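If you want the building blocks of each chain, they are given just below.
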Amino acid sequence: MTYIRKIRKDIVIGCDVDGVNRNFISSLEQVYDKYYPNNDRQPVTGWDLSLFFPIKKRIWEFIYKHYSEEIFMNAPPYKGMVNFMHWLNKKFTVHIITAQPDPKSEKYAKQWLIKNNIEFKDFYCTFQKESLSYDIIIEDSPIMIPRIKKEGKKVIRIVRPWNDPIEGVPSVRNIKELKFKINELVKEM
Ligand SMILES: [Mg+2]
């Protein structure tokens, strides 16, 4: 007899978009090189994007004012995430929780998920992720992770070059580790 792990739709898993599902950085680098072919940039390895592009703080208007559709809609999903999100939705209730600075980028976040067949039950756009309700949240932001932890909520850190380990927060480097950690946390619920 095949052992089927229990479906737990009573458990809500929150999941971020950029840096977790969507590889926005690789798309930004590609679009930047297209419009500034001779403008040598550094690979993005930190949270403050203005440090890696020669146009410095103007990178924010480059992203959000001029090329948001091109950057966000053409960004690839991180490897394995589409299948992972399908698995997650079969077992749990999945809420997308993303922080976007304007209605246009919020719209592109939602459209991008649909375009890439990434499933979810509900969609929330907020910079106050720590005040929403969920059982576990999957996050990459070095700003958001400590705030969520401080609220006493369970957060899983996706390891990226722009975030550091935080005591008491589990870190995962790939889908296998992510699934393992979720199953482990859920067992206690
Ligand atoms: Mg993120």
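Throughout this document, residue positions are counted from 1 along each chain, in the order its sequence is written. The predicted nature of this model means local features are confined to residues of pLDDT at least 70 and side-chain atom pairs, given and counted, to a pLDDT of 80 or more, with totals for whole chains, interfaces and linings taken over all residues.

1. Structural notes on the domain arrangement of the chain
Segmentation into domains, and thus their bounds, comes from an automatic or database assignment. By domain assignment, the chain separates into domain 1 (12–23 + 77–187) and domain 2 (25–73). The straight-line distance from the C-alpha centre of domain 1 to that of domain 2 is 23 Å. Placing C-beta atoms from the backbone, we regard two residues as in contact once those atoms come within 7 Å. With eleven residues of domain 1 in contact, the opposing surface of domain 2 contributes eleven residues. When its residues are assigned to classes, the side of domain 1 that touches domain 2 shows six nonpolar, three polar and two charged. Lys, Arg, Asp and Glu make up the charged group, whereas Ala, Val, Leu, Ile, Met, Phe, Trp, Tyr, Cys and Pro make up the nonpolar group; the residues left over, Gly among them, are polar.

2. Thoughts on the sheet that holds strand β4 (residues 136–139)
Ordered by their spatial adjacency, six strands build an open sheet running β3-β2-β1-β4-β5-β6, and the pairing between neighbours is parallel. Each edge of the open sheet carries a strand with a single partner, namely β3 (122–125) and β6 (171–172). Note on pairing: DSSP must find at least two bridges between two strands before they are called paired. Only runs of H or I of at least four residues qualify as helices and only runs of E of at least two qualify as strands under DSSP, and these elements are numbered from the N terminus. In this structure, strand β5 (residues 154–158) lies alongside β6, joined through two bridges in parallel fashion. When the sheet's bridge partners are listed, Arg 157 is paired in β6 with Ser 171.

3. Here we look at unusual backbone geometry
Non-glycine residue Lys 56 carries a positive phi angle of around 50 degrees. With respect to the secondary-structure elements, Lys 56 resides in the loop between α1 (24–35) and α2 (59–66). In this structure, Asn 117 takes a positive phi of about 55 degrees despite not being glycine. Following the sequence through the fold, Asn 117 ends up in the loop between α5 (103–115) and β3. Remark: C-beta atoms are placed from the backbone, and a residue is labelled buried if 20 or more other C-beta atoms sit within 10 Å of its own, exposed if 12 or fewer do, or partly exposed between those counts. Residue classification places Asn 117 among the exposed positions, given that 11 C-beta atoms sit within 10 Å.

4. Observations concerning the environment of Asp 135
Position of Asp 135 among the secondary structure elements: in the loop between β3 and β4. Each C-alpha atom, one on Asp 135 and one on Lys 153, is 7.3 Å from the other, the two residues being 18 residues apart in sequence. If we ignore the near neighbours within four places in the chain, the residues touching Asp 135 are Ile 11, Val 12, Ile 13, Lys 154 and Met 189.

5. Some details on α1
At 3.6 residues per turn, the α-helix brings residues three or four places apart onto the same side. In this scheme, a helix's expected span is set at 1.5 Å multiplied by one less than its residue total. Under the 1.5 Å per step criterion, the end-to-end length of α1 is 17 Å for twelve residues, consistent within 8% with the ideal 16 Å. Buried-residue contacts for α1 involve α2 and α3 (68–73).

6. Focus on the pairing of strand β1 (residues 12–15)
Note that β1 and strand β2 (residues 93–98) share four bridges and pair parallel. When the sheet's bridge partners are listed, Ile 13 is paired in β2 with Val 94. By the bridge criterion, three bridges tie β1 to β4 in an arrangement that is parallel. When the bridges of β4 are listed, Gly 14 appears paired with Ile 137.

7. A short note on the nonpolar core
The biggest cluster of nonpolar side chains holds 42 residues, and the ones touching the most others in it are Ile 13, Cys 15, Ile 137 and Ile 138. Built from parts of two domains, this core gets at least three residues from each of domain 1 (12–23 + 77–187) and domain 2 (25–73). With residues near it in sequence (within four places) discarded, Cys 15 still touches Val 20, Asn 21, Val 94, Ile 96, Ile 97 and Ile 138. The nonpolar core is taken to be a set of buried Ala, Val, Leu, Ile, Met, Phe, Trp, Tyr and Cys residues joined by way of C-beta atoms within 7 Å.

8. Observations regarding the environment of Gly 152
Structurally, Gly 152 is set in the loop between α6 (144–150) and β5. Once the C-alpha coordinates of Gly 152 and Glu 130 are considered, the two residues, 22 residues apart in sequence, prove to be 9.0 Å apart.

9. Things to note about the pairing of β3
As defined by bridge partners, β2 adjoins β3 across four bridges and the pair is classed as parallel. In the strand pairing of β3, Ile 97 is matched with Tyr 124. Handedness of the β2-α5-β3 crossover: right-handed. The path from the first strand over the helix to the second decides the hand: if it runs clockwise while the strands point away from the viewer, the crossover is right-handed.

10. A closer look at α2
Residues of α2 that are buried include every one of Ile 59, Phe 62 and Ile 63, and no others. All buried residues of α2 project into a common sector of 90 degrees when viewed along the axis, lining one side. Those residues of α2 that are exposed and aimed more than 90 degrees away from the buried face are Glu 61 and Lys 65. Along the arc lie the directions from the helix axis toward the C-beta atoms.

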